[in-house]
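Each chain, written out:
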Protein chains: 2
Amino acid sequence: MKNGILKFKRKPKIISSYSVVGHMEKSGPLGELFDEYSNDDKFGKNSWEKAESEMQKRAFSGALNKSGLIDTEIDVLLAGDLLNQCVGSNYGLSCFDVGYLGLYGACSTCSEGLLIGASLYSGGVVDSCAVVTSSHYCSSERQFRFPLEYGGQRTPTAQWTTTGAGAFILKDEGNVEISEGMIGKIIDKGISDINNMGAAMAPAAIDTIKRYFLESEHSPEFFDLIITGDLGYEGSEILKDLLLKDGIDIRNNHIDCGLMLFDRKAQDVHAGGSGCGCSAIVMASDIIPRLASGELKSVLFLGTGALMSPVSLFQGGTIPAIAHLVRLSSLNSHN
Amino acid sequence: MKNGILKFKRKPKIISSYSVVGHMEKSGPLGELFDEYSNDDKFGKNSWEKAESEMQKRAFSGALNKSGLIDTEIDVLLAGDLLNQCVGSNYGLSCFDVGYLGLYGACSTCSEGLLIGASLYSGGVVDSCAVVTSSHYCSSERQFRFPLEYGGQRTPTAQWTTTGAGAFILKDEGNVEISEGMIGKIIDKGISDINNMGAAMAPAAIDTIKRYFLESEHSPEFFDLIITGDLGYEGSEILKDLLLKDGIDIRNNHIDCGLMLFDRKAQDVHAGGSGCGCSAIVMASDIIPRLASGELKSVLFLGTGALMSPVSLFQGGTIPAIAHLVRLSSLNSHN
């Protein structure tokens, strides 16, 4: 390859996926689809960070149960989250007896994990792997913005960090195949507004999509869906507008996990959902099952991530962003 | 594989490595070996975090120059650091035109990157890759412990975070081969003293070493060196003692990057060096060249990482740790 499309010789199947969510996500348009939820967003723990770890633990356990495997049958666990030093994953998954590779890709972590997992599987380095990622509204708000108790006013372009964890098991049998991938590049267009991540991440998604279609044998209309992670309303509009100027029309098949997860008006989430958990739970509970059933045939999933920290912004930095692409295909022809 | 040794079908070579260090590292026992240093630990920037990014940028540029390649000839960049949201890497490497996969493995990041890079190369998913990692004493102290200005007293078991960045280019030709690998598991033995990371990380190194020798055709004495990342004095003693009780004697060939980097007494670094940059610069500037020349034939490198955050410890958590193993072999028979 040459900065281009990753062609997997041996293509892994997503044999199971599992989602754990909080009460906001359960009350949203996709609420019925999630595997597990808690009305108590602390998930029985005494801190938001421990709650996030608990979600990861439950998500991986749930995905294992669905697949009929136990932890020692998984060759490697790929995981990450938004918390400093990725402690959501490190603590949540420490009880399992599996090799562990920690990732940091902000909200692109789900796609980064699927990409690396598929690459390891393709090369025969592993025969199975799991991808787990999470975010929590309360742990994120206090780390990136304000303590909840402060009651800060949110701007119209702000997104709502998802409380949720998603897990995926990749192995040899099943109807949902990871066919291709493309590694994102760091793109920084000078956006510095922490309350407008969609605008910061859209250029990264544009870069990856343009590179993909330059090389792919397919045009955008081939895909049932082109799904971005969590650009939200602002970022999605920028994405479609700017791609159209470059002759790539995705207006008919683009959707965004951040816009699917919540009812923006009724749930007062402003520009939509975000966070590592956002695309993970939407993919795990909505998109993967629809690919498994054959309702969807071919999907491009672009996880998008904003790679700043509060410190980097305080020091005058702008927001670097990234978007990794994963192509998913249904092998179910009965629909 | 089955939670075991990763066997690389196509074995990548480390075609170049490069190190950038601060004044403490330059003044230490390995000082003459480093490629580049700055007496100004801010590297011309106005914050410690920006200095760390600058080191990463210089390290990757330096490794590219040595290899005769340019950024667009590298298929993927694997990088990470200790800073919240890994901003050392995200900002330092954003100017390069390369696909980017962010990692979080704390001080094990160098070994994690080499492991994933070798796996991607082995499977033919990429034909080249780069691994870059860094740490900075000043950005780490204020993030994990105290602001420097506070002048906090250091305990005897405390380690000194390395100011340095190391970069490695993996491709097809050269004398230093990555032959095997083993992915670490998260091991948490209940240590909660942030000033004794060696004790927290030693059990992870023990777990990986025991699993490796259970499966490997070789015994410990086969290897010229068994190098741990940065267990320091405390952790190294624990490692050797506990392995000996299990019948694995590494007393004659074990060294630790954290103990090699500084003169513990003259430089007042207490238990030795630490940080993502520690093993990266020691491997890049001492071990890899000695493998390339044939002075060393076979080396096991175990990057060790402590996966806590200040918040997780404030909330009563203990320190989960991990150790990834990389086996390096010299193809130079002229020595």
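Residues numbered from 1 in each chain as written. Chains lettered and ligands numbered in written order. Predicted model: local features only at pLDDT ≥ 70, side-chain atom pairs only at ≥ 80, totals over all residues. Heavy atoms only, no water.

1. Points about the overall build of chain A
The secondary structure content of chain A amounts to 10 helices and 14 strands. Against the compact-globule benchmark of 20 Å for 335 residues, chain A has a radius of gyration of 18 Å, which places it among compact chains. Its C-alpha atoms put chain A at 50 × 50 × 35 Å along the principal axes. By residue count, 67% of the 335 residues in chain A fall in the buried class. A separation of at least 24 residues holds for 78% of the contacts in chain A among residues at least 6 apart in sequence. One way to put it: in chain A the 29 positive side-chain charges average out to a point 3 Å from where the 40 negative ones average out. (Helix = DSSP H or I, 4+ residues; strand = E, 2+ residues; numbered from the N terminus. Rg over C-alpha atoms; globule rule 2.2 N^0.38 Å. Buried < 20%, exposed > 50% of the residue type's maximum accessible area, 1.4 Å probe, protein only. Contact = heavy atoms within 4.5 Å. Lys, Arg positive; Asp, Glu negative; His and termini not counted. Charge placed at Lys NZ, Arg CZ, Asp CG, Glu CD.)

2. Digging into the layout of surface pockets
Residues and elements named next belong to chain B. By volume, the largest pocket amounts to about 420 Å³. Taken together, 28 residues line the largest pocket, and the ones lying closest to its centre are E141, R145, R154, Q159 and N195. Residues of the lining of the largest pocket, tallied by class, amount to 14 nonpolar, 11 polar and 3 charged. (1 Å grid on protein atoms, 1.4 Å probe; cavity = no way out; pocket = protein on both sides within 12 Å on 5 of 7 lines; lining within 4 Å. Points joined across faces, edges and corners; volume = space filled by probe spheres on them. Nonpolar A, V, L, I, M, F, W, Y, C, P; charged D, E, K, R; others polar.)

3. Quick look at the interface of chain B and chain A
With 62 residues of chain B at the interface, the matching set in chain A holds 63 residues. Counting the surface lost from both chain B and chain A, the interface buries some 4,900 Å², and carbon and sulfur atoms represent 54% of this. If you look at where chain B meets chain A, you find 2 salt bridges. Residue D97 of chain A pairs with K185 of chain B through a salt bridge whose shortest N-O separation is 2.7 Å. For the interface between chain B and chain A, the tally reads 24 residue pairs in polar contact (both at pLDDT 80 or more). Going through the elements one at a time, α2 (48–67), α3 (87–92), β5 (100–102), α4 (109–122), α5 (137–144), α10 (310–314) and β14 (321–330) of chain B are the ones with two or more residues in the side of chain B that touches chain A. Residues belonging to the side of chain B that touches chain A are distributed by class as follows: 30 nonpolar, 21 polar and 11 charged. (Buried area = accessible area lost by both parts, 1.4 Å probe. Salt bridge = Lys/Arg side-chain N within 4 Å of Asp/Glu carboxyl O. Polar contact = N/O pair within 3.5 Å; in protein donor to acceptor, adjacent residues only side chain to side chain.)

4. Looking at the environment of L77 of chain A
Position of L77 of chain A among the secondary structure elements: in strand β4 (residues 76–81). A sequence separation of 54 residues divides L77 of chain A from V131 of chain A, and the C-alpha atoms of the two residues are 5.9 Å apart.

5. Description of the side chain of S236 of chain A
Residue and element names in this part refer to chain A. With respect to the secondary-structure elements, S236 resides in helix α7 (residues 232–245). For S236, a relative accessible area of 2% gives the class buried. A distance of 2.7 Å separates a polar atom in the side chain of S236 from the backbone oxygen of G232.

6. Looking at unusual backbone geometry
Residue and element names in this part refer to chain A. We note that Q85 has phi near 60°; this positive angle belongs to a residue other than glycine. Tracing the backbone through its elements, the reader meets Q85 in the loop between β4 and α3 (87–92). Backbone geometry at A106 places phi at a positive 50°, although glycine is not the residue there.

7. Concerning the relation of the copies chain B and chain A
Mapping chain B onto chain A calls for a rotation angle of 180° and an axial translation of 0.0 Å; the resulting RMSD is 0.0 Å. The transformation just described matches what one would write down for a two-fold rotation axis. Of every C-alpha in chain B, the one belonging to G123 of chain B sits nearest the axis of rotation, 1.7 Å from it. Comparing contact sets, 100% of the residues at the interface of chain B also lie at the interface in chain A, consistent with an isologous, same-surface contact. (Least-squares fit on C-alpha atoms with pLDDT ≥ 70 in both.)

8. Thoughts on the packing of aromatic side chains
Where two aromatic rings form a pair, the distance of their centres and the angle of their planes describe that pair. The full count for this structure, using the stated rule, is 14 aromatic pairs over all chains. Here the guanidinium or amino end of K42 of chain A rests over the ring plane of W48 of chain A, the centre of that ring lying 4.6 Å away. (Phe/Tyr/Trp six-rings, centres within 6.5 Å; stacked < 30°, edge-to-face > 60°. Lys NZ or Arg CZ within 6 Å of the ring centre and 35° of its normal.)

9. Focus: empty space enclosed by the protein
Residues and elements named next belong to chain A. All chains considered together, the criterion is met by 5 cavities of 30 Å³ or more. Of all the elements in the fold, those that place two or more residues in the lining of the largest cavity are α5 (137–144) and α6 (197–215). Classifying every residue of the lining of the largest cavity gives 11 nonpolar, 7 polar and 2 charged.

10. A closer look at the confidence of the model for chain A
In this model, chain A carries a mean pLDDT of 96, and residues with pLDDT of at least 70 account for 99%. Interface confidence for the predicted complex, expressed as ipTM, amounts to 0.97; the pTM equals 0.98. (pLDDT = per-residue confidence, 0-100.)

11. Here's the deal with helix α9 (residues 276–293) of chain A
Residues separated by three or four positions in an α-helix point in the same direction, a consequence of the helix having 3.6 residues per turn. Residue and element names in this part refer to chain A. For α9, which comprises 18 residues, the first-to-last C-alpha distance of 25 Å matches the rise-based estimate of 26 Å (1.5 Å per residue) to within 8%. Within α9, the axis deviates most sharply at M283, by approximately 45°. Burial analysis of α9 places 14 of its 18 residues in the buried class, which makes it a mostly covered element. Residue G294 follows α9 closely and has a positive phi angle near 90°. (Expected span 1.5 Å × (residues − 1). Bend = angle between axes of the 7 residues up to and from the residue.)

12. Let's talk about the pattern of salt bridges
According to the stated counting rule, one finds 37 salt bridges over all chains in the structure shown. Residues R251 of chain A and D249 of chain A are paired through a salt bridge, measuring 3.0 Å at the closest nitrogen-oxygen approach. Judged by relative accessible area, D249 of chain A falls into the partly exposed class, the value being 31%. Between R154 of chain B and E141 of chain B there is a salt bridge; the shortest N-O distance is 3.8 Å. Taken together, the residues span a long stretch of sequence, with R154 of chain B in the loop between α5 and β7 (160–161) and E141 of chain B in helix α5 at a distance of 13 residues.

13. Re the environment of I5 of chain A
Residue and element names in this part refer to chain A. Mapped onto the elements of the fold, I5 is located in the segment before β1 (6–7). Taking the C-alpha atoms as reference points, I5 and G166, 161 residues apart in sequence, are found 25 Å from one another. Apart from the residues lying within four places of it in its own chain, the contact partners of I5 are E180, G181, M182, Y212, E215 and S216.

14. Examining the pairing of strand β10 (residues 225–228) of chain A
The side chains of a regular strand alternate between the sheet's two faces. The side-chain alternation of β10 of chain A yields two buried faces, one formed by L225 and I227 of chain A and the other by I226 and T228 of chain A. Considered for its hand, the β-α-β crossover made up of β10 of chain A, α7 of chain A and strand β11 (residues 254–256) of chain A is right-handed. (Right-handed = clockwise from strand over helix to strand, strands pointing away.)

15. What about the nonpolar core?
One broad trend across soluble globular proteins is that nonpolar side chains are buried collectively. Core analysis: the largest hydrophobic core is formed by 122 residues, its most contacted members being F60 of chain A together with F60 of chain B. Not counting the four nearest positions on each side in its chain, F60 of chain B is found in contact with D71, I74, L77, L93, F96, V98, A130, V132, A167 and I169 of chain B. Counting residues in hydrophobic clusters, the runner-up holds 102 residues, among them V21 and V269 of chain A together with L114 and V282 of chain B. (Core = buried A, V, L, I, M, F, W, Y, C linked by side-chain atoms within 4.5 Å.)

16. A word on the environment of I288 of chain A
Residues and elements named next belong to chain A. Along the chain, I288 falls in helix α9. For the pair I288 and H23, spaced 265 residues apart in sequence, the C-alpha to C-alpha distance is 22 Å. Excluding its chain neighbours within four sequence positions, the residues that come into contact with I288 are I14, S17, F168, V176, M283 and L328.

17. Some thoughts on α5 of chain B
Residue and element names in this part refer to chain B. The element α5 is extensively covered by neighbouring structure, given that 7 of its 8 residues are classed as buried. Regarding α5, the residues found buried are Y137, C138, S139, S140, E141, Q143 and F144. Looking at the buried positions of α5, the neighbouring elements they touch are α2, β6 (129–135), β7 and α10.

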